[in-house]
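Overview (structure and organization)
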Amino acid sequence: DVQLQASGGGLVQAGGSLRLSCAASGFSFDDYVIGWFRQAPGKEREGVSCISPRDGSTDYGDSVEDRFTISSDNAKNMVYLQMRSLKPEDTAVYYCAADGGSCLKGLAYGMDYWGRGTQVTVSS
């Protein structure tokens, strides 16, 4: 079965960096797109970034303002989100997810498979 596990969250001061990891298993890595989403209390779920491991193409949500970078290690079935210049507004639970469609659609409408989230808290 499909498994997606996000890790690497924690506490960080504003301006700092964190690297989130998503371990994927149970599906063909090359046949799906993998995305990062986040949700803060009282806010709508937001698409952060997405990658197609098949060709390496990436997409980003408007909110990250070029501060985040998504990447994949296809040999390890891992996807990463490098976050820098973190702001308190980035505080949220971050989830990785997978879908058989495109990154554009997945970021806009959500994905079929979801993992457990990891908490990111940015202090001011």
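Each chain carries its own residue numbering, running from 1 in the written order of its sequence. Local features in this predicted model are restricted to residues whose pLDDT is 70 or higher, and side-chain atom pairs enter the listing and the counts only when it is 80 or higher, whereas totals over whole chains, interfaces and linings include all residues. Water and hydrogen atoms play no part in the side-chain values, which are based on all heavy atoms of the structure.

1. A word on the pattern of salt bridges
Pairing is possible between side chains that carry opposite charge, provided their charged atoms lie close to one another. To keep it simple, the criterion reads: Should a side-chain nitrogen of Lys or Arg be within 4 Å of a carboxyl oxygen of Asp or Glu, the pair is scored as a salt bridge. Accessibility here uses a 1.4 Å probe with only protein chains present; expressed as a share of the type maximum, an area under 20% marks a residue as buried, one over 50% as exposed, and anything in between as partly exposed.
Counted by the stated rule, this structure contains three salt bridges. Notably, a salt bridge pairs Arg-38 with Glu-46, separated by 2.7 Å at the nearest N-O pair. On the basis of relative accessibility, which here comes to 6%, the residue Arg-38 falls in the buried class. Residue class for Glu-46 comes out partly exposed when judged on its relative accessible area of 25%. Taken together, the shared-partner salt bridges in this structure form one network comprising Arg-38, Glu-46, Arg-67 and Asp-90.

2. Remarks on the nonpolar core
The condition that has to hold: Nine residue types can take part in a nonpolar core, namely buried Ala, Val, Leu, Ile, Met, Phe, Trp, Tyr and Cys, and a core is a set of them joined through side-chain atoms within 4.5 Å. By definition, any uninterrupted DSSP run of H or I lasting at least four residues is a helix, any uninterrupted run of E lasting at least two residues is a strand, and each is numbered from the N terminus. Should any heavy atoms of two residues lie within 4.5 Å, those residues are considered in contact.
Within the largest apolar cluster, 28 residues are counted, with the highest numbers of intra-cluster contacts made by Trp-36, Leu-81, Met-83 and Tyr-94. Going through the elements one at a time, strand 1 (3-7), strand 3 (18-25), strand 4 (33-39), strand 5 (46-51), strand 7 (68-73), strand 8 (78-83), strand 9 (92-99) and strand 11 (118-123) are the ones with two or more residues in this core. Apart from the residues within four sequence positions on either side, Leu-81 is in contact with Leu-18, Arg-19, Leu-20, Trp-36, Val-48, Ser-49, Phe-68, Thr-69, Ile-70 and Tyr-94.

3. Observations regarding the environment of Trp-114
Where we set the bar: Whenever two N or O atoms come within 3.5 Å, that pair is a polar contact, provided that in protein one can donate a hydrogen and the other can accept it, and provided that, for residues adjacent in sequence, both atoms are side-chain atoms.
Topologically, Trp-114 is positioned in strand 10 (residues 113-114). Judged by its relative accessible area of 33%, Trp-114 falls in the partly exposed class. Taking the C-alpha atoms as reference points, Trp-114 and Phe-37, 77 residues apart in sequence, are found 9.7 Å from one another. Sequence-distant contacts of Trp-114, defined by excluding residues within four places in its chain, comprise Leu-4, Phe-37, Arg-45, Tyr-95, Cys-96 and Ala-97. Engagement of the side chain of Trp-114 in a polar contact is seen with the backbone oxygen of Met-111, the distance being 2.7 Å.

4. A short note on the state of the cysteines
How we decide: To count as a disulfide, a pair of cysteine sulfur atoms needs to be within 2.5 Å.
Tallying each qualifying case throughout the model produces two disulfides. Here Cys-22 is linked by a disulfide to Cys-96, with a sulfur-sulfur distance of 2.2 Å. Residues Cys-22 and Cys-96 are joined by a disulfide whose S-S torsion is about 70°; by sign, that bridge is right-handed. Linking Cys-22 in strand 3 with Cys-96 in strand 9, this pair joins segments that are 74 residues apart in sequence. Given the relative accessible area of 0%, Cys-96 is considered buried. A sulfur-sulfur distance of 2.1 Å marks the disulfide that ties Cys-50 to Cys-103. Its S-S torsion of about -75° marks the bond between Cys-50 and Cys-103 as left-handed, since a negative value means left-handed.

All quantities given are derived from atomic positions and should not be read as evidence of function.
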